[in-house]
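One-letter residues, chain by chain:
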Amino acid sequence: MNDNGKPKLAMYWCASCGGCEISVLNIHEHILDVDAVFDIVFFPCIADFKLQDVQGYPDGYIDVCLFNGAIRNSENEEMAHLLRKKSKILVAYGSCSYEGCIPALSNLTSKEATFQTVYIDNPTIDNPDGILPQTMTKVPEGELELPFFYNTVKSLDQVVEVDYYLPGCPPEPPQIWAVLEVVIAALTQGAPLPPKGSIVGAKDVAVCEECPREKHEKTIARFYRPYEINPDPDLCLLEQGIICMGIATRGGCGALCPQVGMGCRGCYGPLPGVEDQGAKMLSAIASVIDVGDVGDDEKLLEQKIEEVIATIPDPAGTFYRFSMAHSILQRTRISENGKGDSE
Amino acid sequence: MTDQTNFEPMVVGFTCNWCSYRAADLAGMSRIKYPPNIRLIRLMCSGRLDPTFVLKAFEGGADGVLISGCHPGECHYLEQNYKMLKRFLLLRKMLIQMGIEPDRLKLLWASAAEGARFAEEVTKMVETVRSLGPLNWSKVVDSNGGHATVIPVLAKEEVTA
Ligand code: SF4
Ligand code: SF4
Ligand code: SF4
Ligand code: FES
């Protein structure tokens, strides 16, 4: 440990895609400022550090740890506890760490089904003996150990205390830099930090507020998947029947996706005060369904609404694309034969 | 593995102040019996039903959820019950994906005069949920959570380079 008096920075990845690391590098020339201000003490993606290095640091040695990735296995959880102990400020960086993100979509199935797909069924797999990863394997040299693979993917704050959340998949570079500036000011000039538990690097309004598309009252007679329609360039996508989560998603990205014709996927997470992003979206989407004037016949009404709903093939995966781990139900129920009841 | 014989289902019922809540009241006053397994929550209108309430009910231990409102055309706040119907149908589709059987979520249109019918439908629902067994959501998350099952060790493993 060569202590040069600079604040210490760490970044670590758990169940993630690596995009969050790249997003940090995407702050462009500011990365030089980061290097000037901080002493990087752990950042496996860009520099060679070992677990033993971190284990050797005194508790609270790391000033800021950007933790990205969800908790999917026992190794992830151990790293979360270790980095929590060694860090003064622990930031859940990116959607995976904040609320589960894409990895947590596997909470819609079982661990067994995931293994079956990944190690047996996928077309590029050649595994005639059906070998699956084992937590313990005996080899002549001794025993080899792998982490447990959990059934349920969890967010970082479901295993340790988190100081700040930086949403996005991945967070947008201007937002990252804005957050780093606040942290740098706090560490070097004693400026105040936002209250613990804050969501930083995002806005308090919906993506719609940042979206330049023209908005009218929304009434939708059917939904379209992106490949089924060529959207009008100026009109709100949701009004055109393209599912856009902008109405139920926290702003801060600048409405990047709708601006290029893709519905918002919801990666900045729920709006302030909203507990369950999927339920909020479900509510909003259902309210705009329009079946025309079919009268008061209960059966006919139901049938017409069902026809519109049939154009949303995967409500859970769509409305909880990023927030499954943080949702109220958190995962799907697996019946005793190991299969989801829905299968 | 739960002991089904002692299982008393818990059903949360969201009722509308103007119709189904009064129907329940009427059933009570007319001494029409229905099972005590239902816990009624009064909303001013079924249109007030936020899907979050239903998710919370299941997560909090409900084995079934009943949503009731005024018949189509009879809502006191214009067409809020149509809105509820749309949410109900979409929610039911999503809950199936979450492994919750569709029969655990029921919609009932009931006017203030339909006390007997309300009691009868509640009884039917409680029996349906009884036959489905406990939902026990806290166990769903725990048993699949942190230090869950160890990956079963296979008999033989050869790794060739
Ligand atoms: S939040 Fe998105 S970009 Fe970051 S690791 Fe997760 S999937 Fe990748
Ligand atoms: S396109 Fe999406 S983000 Fe833009 S206004 Fe419509 S719903 Fe909101
Ligand atoms: S528009 Fe939505 S999905 Fe796209 S970056 Fe913004 S929050 Fe994420
Ligand atoms: S007032 Fe009863 S459903 Fe609206």
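So, a few notes on the structure that sits alongside this text. (Residues numbered from 1 in each chain as written. Chains lettered and ligands numbered in written order. Predicted model: local features only at pLDDT ≥ 70, side-chain atom pairs only at ≥ 80, totals over all residues. Heavy atoms only, no water.)

**Structural notes on the overall build of chain B**
- Along the backbone of chain B there are 5 helices and 4 strands.
- Starting at the N terminus, the α and β elements of chain B follow one another as β-α-β-α-β-α-β-α-α.
- Expressed as a percentage of its 161 residues, the buried residues of chain B come to 51%.
- Sequence-distant contacts, at least 24 apart, represent 79% of the contacts inside chain B between residues at least 6 apart.
- Entry remark: accessible area of chain B is about 7,800 Å², with carbon and sulfur atoms responsible for 55%. (Helix = DSSP H or I, 4+ residues; strand = E, 2+ residues; numbered from the N terminus. Buried < 20%, exposed > 50% of the residue type's maximum accessible area, 1.4 Å probe, protein only. Contact = heavy atoms within 4.5 Å. Areas by Shrake-Rupley, 256 points an atom, 1.4 Å probe, with all protein chains shown as cover.)

**Brief notes about the environment of A:Ile46**
Residue and element names in this part refer to chain A.
- Tracing the sequence through the fold places Ile46 in the loop between β2 (39–42) and α3 (51–56).
- Linking Ile46 and Ile22, residues 24 residues apart in sequence, is a C-alpha distance of 9.8 Å.
- For Ile46, the residues in contact, after removing those within four places along its chain, are Leu25 and Ile40.

**Digging into the pairing of strand β1 (residues 8–13) of chain A**
Residue and element names in this part refer to chain A.
- The buried count for β1 comes to 5 of 6 residues, which makes it a mostly enclosed element.
- As paired strands, β1 and β2 are joined by 3 bridges and run parallel to one another. Bridge assignment links Lys8 to a residue of β2, and that residue is Asp39.
- Inspection of the sheet shows β1 paired to strand β3 (residues 62–68) by 5 bridges, in the parallel sense. If you follow Trp13 over to β3, its bridge partner there is Asn68. (Pairing = 2+ DSSP bridges.)

**Re the packing of aromatic side chains**
- Under the criterion given, the structure shown has 9 aromatic pairs over all chains.
- Geometrically, the ring pair formed by A:Tyr12 and A:Phe42 is stacked, given 5.4 Å between the ring centres and 15 degrees between the ring planes. Highlighted residues: A:Tyr12 in strand β1 and A:Phe42 in strand β2, separated in sequence by 30 residues.
- When the ring of A:Phe115 is compared with that of A:Phe149, the centres are 4.8 Å apart and the planes differ by 70 degrees; the resulting orientation is edge-to-face. Of this pair, A:Phe115 sits in helix α6 (residues 111–121) while A:Phe149 sits in strand β8 (residues 149–154), and the two are 34 residues apart along the sequence. One exposure class covers both A:Phe115 and A:Phe149, and it is buried.
- Ring-pair connections join several aromatic residues into one group, and the members of that group are A:Tyr12, A:Phe42, A:Phe49 and A:Phe67.
- One cation-aromatic arrangement involves B:Arg42 over B:Tyr21; the distance from NZ or CZ to the ring centre is 4.3 Å. (Phe/Tyr/Trp six-rings, centres within 6.5 Å; stacked < 30°, edge-to-face > 60°. Lys NZ or Arg CZ within 6 Å of the ring centre and 35° of its normal.)

Worth remembering: the numbers are spatial, not functional.
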